[in-house]
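Chains, contacts and geometry: an overview
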Amino acid sequence: MHDGTRVVRAGRPQPAQGEPFLPGPCFAATYHLSGDPSTAANTYGRSQNPTWTLYENAIGELESGIAIAFASGMGAVAAIFGSVLRPGDVLILPTDGYYTARLLAEGFFTSMGVKVRLAPTARNAQSDFLAGAKLLWLETPSNPGLEVCDIAELCEKAHRVGALVAVDNTTPTMLGQRPLDLGADFSIASDTKALLGHSDLLMGHVAVRDPAWAKKLITWRTQIGSIPGPMEVWLAHRSLATLDLRLERMNANALAIAQFLCGRSEVKRVRYPGLPNDPSHGIAVKQMTRFGPILSFEFPGRTEAERWLSNCKLVDEATSFGSVHTTAERRARWGADQVAEGFIRFSAGCEHIDDLIADMTRAFEE
Ligand SMILES: *Cc1c(COP(=O)(O)O)cnc(C)c1O
């Protein structure tokens with residue numbers, strides 16, 4: 001079945017006379033529960049919720065695994081770190097990956113005795129640090145640098161030395177890249193971004209094939225309490241139905257914008273894994289079926305970048321990415337990533353490409 005059909009049907013209950021296509025959110029802290037609690041599907045709102053189950057079935061179908069939903073992407077990151085890492089364990093993170101995951105590892109988990117090794121995503125550099133590692137953490141394409149590493153090759157090398165592998169798959173989503181099929185033990189994503197895609201929800205998930213890991217992750221979620229609200233999960237499930245449509249438009253827009261920017265003398269270093277001459281393209285075509293909504297480029301400096309961003313009317317200045325709304329930001333304003341002052345991370349939305357190009361052209365020339 002094609003992606004467009006799979007996302008519409010994913011996790012929906014069997015048709016039943018007089019029942020809705022997607023049952024509404026189940027708001028429950030407690031459930032009626034008499035006698036032996038082990039006979040009940042739902043015992044308490046932090047442990048189970050039928051709205052989560054439908055959404056997790058959907059994500060599980062799309063990932064071909066067992067999915068566990070969390071209150072945010074960081075909730076999902078923390079669940080893997082917390083379930084896997086013990087004092088003395090070595091975690092290998094990308095230097096150019098998502099900033100808050102690095103902060104959590106280097107702050108809390110380092111103080112608990114975990115050792116963190118950092119290496120860049122490009123050229124599979126993380127593979128040089130595998131000896132004695134417990135967990136290899138990949139993020140490909142990396143955010144915001146858009147470097148790509150070879151998931152299958154790194155999984156094979158990691159497994160050979162007994163390390164587990166997690167892939168942060170936020171940027172492409174499971175429709176663009178399938179980490180579990182490529183050998184990863186954990187496929188993790190911030191569903192806040194392209195998966196849900198409307199700039200209005202925070203959620204995350206982890207998908208695994210091994211039921212023992214699923215159990216550990218659920219135990220973590222129940223005991224830590226990083227649970228998503230039923231209303232958010234219901235909206236998430238609703239948003240999922242248009243994922244294929246949204247990605248098709250966003251990814252086509254991203255490629256067209258990258259090509260447009262390559263022809264503008266005001267900017268340089270346009271990066272998009274879907275550009276045939278991009279340094280990431282060779283590995284990207286091997287493991288990605290769509291190249292995602294994010295691209296990046298550089299103005300000579302901060303002033304030029306800020307002027308262009310404020311001139312754009314259809315490109316909203318905002319952090320985050322993957323929404324129906326086209327957004328961009330000057331990443332150096334956060335002081336967290338190793339990027340130039342004029343570096344722009346750009347997320348293509350679902351607007352008509354002609355309007356976006358016209359707006360950006362005017363913003364360059366104003
Ligand atoms: C945003 C993001 C996260 C964190 O997700 P939240 O939903 O903001 O908690 C993790 N990884 C990547 C790659 C992200 O872009």
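Cut-off values and rules
- Residue indices begin from 1 for each chain and proceed along its sequence in written order.
- At least 70 in pLDDT is required for a residue's local features to be given in this predicted model, at least 80 for side-chain atom pairs to be given and counted, and no such filter applies to totals for whole chains, interfaces and linings, which use all residues.
- Computation of side-chain values covers all heavy atoms of the structure but excludes hydrogens and water.
- For each residue, the test is whether any non-hydrogen atom lies within 4 Å of the molecule or strand; if one does, the residue is near.
- Any pair of nitrogen or oxygen atoms within 3.5 Å is treated as a polar contact; in protein, a donor-acceptor pairing is required on top of that, and neighbouring residues in sequence qualify only through side-chain atoms on both sides.
- Note that accessible areas follow from Shrake-Rupley with a 1.4 Å probe, and for residues the cover is restricted to the protein chains shown.
- When residues are grouped by polarity, Ala, Val, Leu, Ile, Met, Phe, Trp, Tyr, Cys and Pro land in nonpolar, Asp, Glu, Lys and Arg in charged, and all others, Gly among them, in polar.
- For the purposes of this analysis, a disulfide is any pair of cysteine sulfur atoms at a distance within 2.5 Å.
- Strand pairing requires that DSSP identify at least two bridges connecting the strands.
- Note on conventions: DSSP H or I runs of at least 4 residues are helices, E runs of at least 2 residues are strands, and numbering of each starts at the N terminus.
- A fitted line through C-alpha atoms serves as each axis, taken over the contacting stretch for helices, and the angle formed by two N-to-C directions is quoted from 0 to 180°.
- Contacts between residues were defined by any pair of non-hydrogen atoms, one from each residue, lying within 4.5 Å.
- For every domain, the bounds stem from an assignment made automatically or drawn from a database.
- Accessible area, probed at 1.4 Å, shrinks when two parts are joined; the buried area is that loss added up over both.
- One side-chain nitrogen of Lys or Arg within 4 Å of one carboxyl oxygen of Asp or Glu is enough to make a salt bridge.
- An angle counts as roughly parallel when it lies under 35 degrees, as roughly antiparallel when it exceeds 145, as roughly perpendicular when it falls between 65 and 115, and as oblique in every other case.
- Working rule for handedness: look at the near helix, and if it is turned counterclockwise from the far one by less than a right angle, call the crossing left-handed; if clockwise, right-handed.
- The rule is short: rings of Phe, Tyr and Trp, with Trp giving its six-membered ring, pair when the centres are within 6.5 Å, and they are stacked under 30 degrees, edge-to-face over 60, tilted in between.
- Only protein chains enter the accessibility calculation, which uses a 1.4 Å probe. A residue is then buried if its area is under 20% of the maximum for its type, exposed if over 50%, and partly exposed in between.
- The span you would expect from a helix comes to 1.5 Å times its residue count less one.
- Each C-beta atom gives one direction from the helix axis, and the arc is the one those directions make.

1. Observations regarding the site of the ligand
Every one of the 14 residues lining the ligand counts as a neighbour, but Met74, Asp168, Ser190, Thr192 and Lys193 are closest to it. Contact distances for the ligand include 2.9 Å between an oxygen atom and a backbone N or O atom of Gly73. Met74 has a polar backbone atom sitting 2.8 Å from an oxygen atom of the ligand. Burial of the ligand by the protein chains amounts to 94% of its free accessible area of 380 Å². Its residues placed into classes, the shell around the ligand shows five nonpolar, six polar and three charged.

2. Overview of the state of the cysteines
Under the criterion given, the structure shown has zero disulfides. Looking at Cys155, it has no disulfide partner, and the nearest cysteine sulfur is the one in Cys149, 9.0 Å off. Summary of cysteine pairing: Cys262 is not part of a disulfide, and the nearest cysteine sulfur, belonging to Cys312, is at 17 Å.

3. Some details on the sheet that holds strand β1 (residues 66-70)
The sheet built from seven strands is open, its strands ordered β1-β7-β6-β5-β4-β2-β3 with mixed pairing. Here the strands that pair on one side only, and so sit at the sheet edges, are β1 and β3 (115-119). Between one strand axis and the next, the sheet turns by 20 degrees as a mean value, whatever way the strands run. As defined by bridge partners, strand β5 (residues 164-168) adjoins strand β6 (residues 186-190) across three bridges and the pair is classed as parallel. Pairing of Ala166 across the sheet is with Phe186, part of β6. Lying on the sheet, helix α2 (residues 50-63) is in contact with β1, β6 and β7 (204-208); it crosses β1 at an angle near 130 degrees.

4. Overview of the sheet that holds strand β11 (residues 327-330)
Strand order across the open sheet formed by five strands is β8-β9-β12-β11-β10, with mixed pairing between neighbours. Of all the strands in the sheet, just β8 (268-271) and β10 (316-317) have a single pairing partner and so form its edges. Relative to strand β12 (residues 343-347), β11 is paired through four bridges, and the arrangement is antiparallel. Note on β12: the bridge partner recorded for Glu329 is Arg345. Together, β9 (294-298), β10, β11 and β12 form the strand contacts of helix α10 (residues 302-311), whose direction differs from that of β11 by roughly 155 degrees.

5. Examining the domain arrangement of the protein
What the domain assignment lists for the protein is domain 1 (3-240) and domain 2 (243-365). Of note, the centres of domain 1 and domain 2, computed from C-alpha atoms alone, are 26 Å apart. Taken together, the contacts link 35 residues of domain 1 with 32 residues of domain 2. Summing both sides of the interface, domain 1 and domain 2 together bury roughly 2700 Å²; the carbon and sulfur share of this comes to 57%. When the area that domain 1 buries against domain 2 is broken down by residue, the three leading residues are Pro144, Leu146 and Val148, summing to 23%. Inspection of the region where domain 1 meets domain 2 yields three salt bridges. Between Glu147 and Arg271 there is a salt bridge, with the nearest N and O atoms lying 3.1 Å from each other. At the junction of domain 1 and domain 2, the tally comes to 20 residue pairs in polar contact (both at pLDDT 80 or more).

6. Here's the deal with the packing of helix α8 (residues 243-262) against helix α11 (residues 353-365)
Running from amino to carboxyl end, α8 crosses α11 at an angle of 30 degrees, the nearest separation of the two axes being 11 Å. In this view, α8 runs roughly parallel relative to α11, as classed from their interaxial angle. In terms of crossing hand, the pair formed by α8 and α11 is right-handed. Across from Asn253, Ala256, Ile257, Phe260 and Leu261 in α8, the residues of α11 making contact are Ile353, Leu356, Ile357, Met360, Thr361 and Phe364. In the contact of α8 with α11, the residues fall into nine nonpolar, two polar and no charged.

7. Concerning the pattern of salt bridges
A complete count under the given rule lists 25 salt bridges for this structure. Via salt bridges that share partners, Glu317, Glu329, Arg331, Arg333, Asp337 and Arg345 belong to a single interconnected network.

8. With respect to the packing of aromatic side chains
Tallied over the full model, the rule gives eleven aromatic pairs. Taking 4.9 Å as the distance between ring centres and 65 degrees as the angle between the ring planes, the aromatic pair formed by Phe81 and Trp137 counts as edge-to-face. Note that Phe81 is positioned in helix α3 (residues 73-84) and Trp137 in strand β4 (residues 135-139), a separation of 56 residues in sequence. Like Phe81, the residue Trp137 is buried in the burial classification.

9. Considerations on α11
The end-to-end C-alpha distance of α11, which contains 13 residues, comes to 18 Å, matching closely the 18 Å that a straight helix rising 1.5 Å per residue would cover. Buried within α11 are the following residues: Leu356, Asp359, Met360, Ala363 and Phe364. Burial along α11 is one-sided: seen end-on, the buried residues are contained in an arc of 135 degrees. Along α11, the residues that are exposed and aim more than 90 degrees away from the buried face are Asp354 and Glu365. Contact partners of the buried residues in α11: α8, α10 and β12.

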